[in-house]
Amino acid sequence: MITDADTPLPCVVHPTAIVEEGARLASGCMIHAYVHISRHCRIDEGVVVHPFAVVGGDPQDLKFDPATSSNVRIGARTVIREHVTISRATKSGAATEIGSDSFLMAGAHVAHDCRIGSGVVIANAVLLAGHVHVSDRAFLGGGAVIHQFCRIGESAMIGGGARISRDVPPYCMATERNALIGLNVVGLRRRGLDRKVIGELKRAYLALNVPVGNLREIAASMLAGGELRSPEAHIFLQFFAGGRRQFVRRRRMGQVDPTSEE
């Protein structure tokens, strides 16, 4: 049993778990049987790690030097289920990061240098390649695979079994092979966003829902025009200014878009 110096709450570590010397666990963590937590881990309060998870292992990178001083950081109250693997970063002083209140289901893999936000749900057997960024409150369906350096925007939803090798903008849904299928309107409503805000997001989405054209330039023009004022619309448009990959697009432009439905 490991206690944090600042609080009376204990960390409970099962006798068959391995927590290497140098790992830092804040108060209230629960480390179940047969977990392996490397010395490179920094874990905040209330994190739960289920059996056979490996946190802080070396990157699956042929060029990696095991002597590199890199880390994994896990935010408060995140739950890591069975057989999840989370690799540490590839550069000295860098960290693979997972935010607070996230939920990683059984068999998920988070590769080196990934950055996962808070309130993220990563379902069973999801595979994240190196340097993937997943923003707050995103949902990744079971068996989805995400290519290296991709970005998944805030409150985006990725369908089960999806193969994503392009960036997915905030508040959008994507599935299959880089197929954009609309705004995550149900998720936006569940977050309690005002109808006016959702309306602005629909306007921005539809303006960028084009088969051809430079999406970065279209988004920049809309931002400069100042017609959309909500922070959420700005988050959506600003997303197109970053990243190094292309963006998911709709493939069948004639089909009904759930974004247009009330």
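Residues numbered from 1 in each chain as written. Predicted model: local features only at pLDDT ≥ 70, side-chain atom pairs only at ≥ 80, totals over all residues. Heavy atoms only, no water.

**A closer look at the environment of A106**
Tracing the sequence through the fold places A106 in the loop between β14 (103-104) and β15 (109-110). Those residues in contact with A106, other than ones at most four positions away along the chain, are R81, E82, V84, N124 and A125. (Helix = DSSP H or I, 4+ residues; strand = E, 2+ residues; numbered from the N terminus. Contact = heavy atoms within 4.5 Å.)

**A word on unusual backbone geometry**
Most peptide bonds take the trans configuration, and most residues that are not glycine carry a negative phi. Positive phi outside glycine occurs at D113, with the angle close to 65°. Inspection of the secondary structure assignment puts D113 in the loop between β15 and β16 (115-116). Since its relative accessible area comes to 11%, D113 is described here as buried. The backbone of R137 sits at a positive phi, close to 65°, despite the residue not being glycine. Relative to the helices and strands, R137 is located in the loop between β19 (133-134) and β20 (139-140). (Buried < 20%, exposed > 50% of the residue type's maximum accessible area, 1.4 Å probe, protein only.)

**What to know about the packing of aromatic side chains**
Within this structure, the stated rule accounts for five aromatic pairs. Ring centres of F239 and F240 lie 6.2 Å apart, and the angle between their planes is 85°; this geometry places the pair in the edge-to-face category. Residue classification places F240 among the buried positions, given a relative accessible area of 3%. Among the aromatic residues, those joined into a ring-pair cluster are F236, F239, F240 and F247. (Phe/Tyr/Trp six-rings, centres within 6.5 Å; stacked < 30°, edge-to-face > 60°.)

**Some details on the sheet that holds strand β10 (residues 71-74)**
Reading across from one edge, β4-β7-β10-β13-β16-β19-β22 is the order of the seven strands in this open sheet, with parallel pairing throughout. On the outer flanks of this sheet lie β4 (24-25) and β22 (151-152), each paired with one strand and no other. Of the pairings in the sheet, the one linking strand β13 (residues 95-98) to β16 comprises two bridges and is parallel in character. Among the inter-strand pairings, E97 is bridged to a residue of β16, identified as R115. (Pairing = 2+ DSSP bridges.)

**Thoughts on helix α4 (residues 231-238)**
For α4, the set of buried residues is E232, A233, F236 and L237. End-on view of α4: buried residues confined to an arc of 135°, all on one side of the axis. Residues of α4 that are buried in the fold lie against β25 (172-175), α2 (195-208) and α3 (215-225). (Arc of directions from axis to C-beta.)

**What to know about the nonpolar core**
Ranked by size, the top nonpolar core spans 66 residues in total, and within it I86, L128, L140, I152 and F236 carry the most contacts. Sorting the residues of this core by element identifies β7 (41-43), β10, β25, β26 (179-183), α1 (185-190), α2, α3 and α4 as the ones contributing at least two each. At six residues, α2 tops the list of elements feeding residues into this core. For I86, the residues in contact, after removing those within four places along its chain, are V54, V55, G56, G57, V72, I74, I80, T96, I98, L104 and V110. (Core = buried A, V, L, I, M, F, W, Y, C linked by side-chain atoms within 4.5 Å.)

**Topic: the pattern of salt bridges**
For the structure shown, the criterion picks out ten salt bridges. Ionic pairing is found between R81 and E82, a salt bridge with its closest N-O pair at 3.0 Å. A relative accessible area of 23% places E82 in the partly exposed class. E154 serves as the salt-bridge partner of R137, at 2.7 Å between the closest nitrogen and oxygen. On the criterion of sequence distance, the pair formed by R137 in the loop between β19 and β20 and E154 in the loop between β22 and β23 (157-158) is long-range, its members being 17 residues apart. One connected set of salt bridges, linked through shared partners, spans R137, E154 and R191. (Salt bridge = Lys/Arg side-chain N within 4 Å of Asp/Glu carboxyl O.)

**Overview of the confidence of the model for the chain**
A residue-level look at the chain finds 93% of positions with pLDDT of 70 or above and a mean pLDDT of 91. Scored below 50 in pLDDT, residues 258-262 makes 14 contacts in the model with residues more than four places away or belonging to other chains. (pLDDT = per-residue confidence, 0-100.)

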